[in-house]
Amino acid sequence: MLNPVVVERSAATTLDWEGCFSVPGYLGLTPRAERITVRCTTTAGETVTSEFTGYTARVVQHEIDHLDGLVYLDRMPDLTSLTTAQNYLDHHRPAPS
């Protein structure tokens, strides 16, 4: 994806744990749109529009934020859920199914 732009976001959002190599060792609850539509240019120079949902939509939003100079901390409604990776593993990680 070259020069991706989110052209549409669902009103529905999901609050989930997010971390980043730019903020090593920490995670926080970050809201993201459940569905997004992205317009970008391919390496062949073609303009395409793609829709992403669920976890993939979260990842694409996270990476586009980096291009816009943002990290997940900028998207958190407050920093009260910010925690260390170890605390997340000890107390917040979902139990294995």
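### Regarding the nonpolar core
- Among the nonpolar cores identified, the biggest contains seven residues, and these are Ala33, Ile36, Val38, Phe52, Ala57, Val60 and Ile64.
- It is helix α1 (residues 54-67) that provides the largest number of residues to this core, a total of three residues.
- Apart from the residues within four sequence positions on either side, Val38 is in contact with Met1, Pro4, Val5, Val6, Val7, Val48, Thr49, Ser50, Phe52, Val60 and Ile64.

### Points about a nonpolar patch on the surface
- Taken together, the side chains of Tyr26, Leu79 and Leu82 define a hydrophobic patch exposed on the protein surface, amounting to about 270 Å² of accessible area.
- Checked against the element boundaries, Leu79 lands in the loop between α2 (72-75) and β6 (83-84).

### Considering the pattern of salt bridges
- The final tally for this structure, using the stated rule, is five salt bridges.
- Salt-bridge contacts for Arg32 lead to Glu18; the nearest nitrogen and oxygen are separated by 2.7 Å. Pair noted here: Arg32 is in strand β3 (residues 23-33) and Glu18 is in strand β2 (residues 13-20), with a separation of 14 residues, a long-range link.
- Looking at Arg32, the relative accessible area reads 4%, which means it is buried.
- Given a relative accessible area of 5%, Glu18 falls into the buried group.
- Close ionic contact of Arg32 with Asp65 constitutes a salt bridge, the shortest N to O distance being 2.7 Å.

### Examining the pairing of strand β4 (residues 35-41)
- Pairing of strand β1 (residues 2-9) with β4 involves five bridges; the strand directions are antiparallel. Each residue of the ladder has a partner; that of Glu8, found in β4, is Thr37.
- Examined bridge by bridge, β4 and strand β5 (residues 47-53) share seven bridges and lie antiparallel to one another. Note that in β5 the partner of Arg35 across the bridge is Thr53.

### Quick notes on the sheet that holds β1
- Pairing is antiparallel across the open sheet formed by three strands, whose spatial order is β1-β4-β5. The two strands at the open ends of the sheet, each matched to only one other strand, are β1 and β5. With direction set aside, neighbouring strand axes in the sheet form an average angle of 25°.
- Across the face of the sheet, α1 comes into contact with β1, β4 and β5 while running at roughly 125° to β5.

What counts and how
- Residues numbered from 1 in each chain as written.
- Predicted model: local features only at pLDDT ≥ 70, side-chain atom pairs only at ≥ 80, totals over all residues.
- Heavy atoms only, no water.
- Core = buried A, V, L, I, M, F, W, Y, C linked by side-chain atoms within 4.5 Å.
- Buried < 20%, exposed > 50% of the residue type's maximum accessible area, 1.4 Å probe, protein only.
- Helix = DSSP H or I, 4+ residues; strand = E, 2+ residues; numbered from the N terminus.
- Contact = heavy atoms within 4.5 Å.
- Patch = residues over 30% accessible without salt bridge, like charges linked within 9 Å, V, L, I, M, F, W, Y side chains within 5 Å.
- Areas by Shrake-Rupley, 256 points an atom, 1.4 Å probe, with all protein chains shown as cover.
- Salt bridge = Lys/Arg side-chain N within 4 Å of Asp/Glu carboxyl O.
- Pairing = 2+ DSSP bridges.
- Axes fitted to C-alpha atoms, helices over the stretch in contact; angles between N-to-C directions.

Such coordinate-based values are descriptive only and should not be taken to indicate function.
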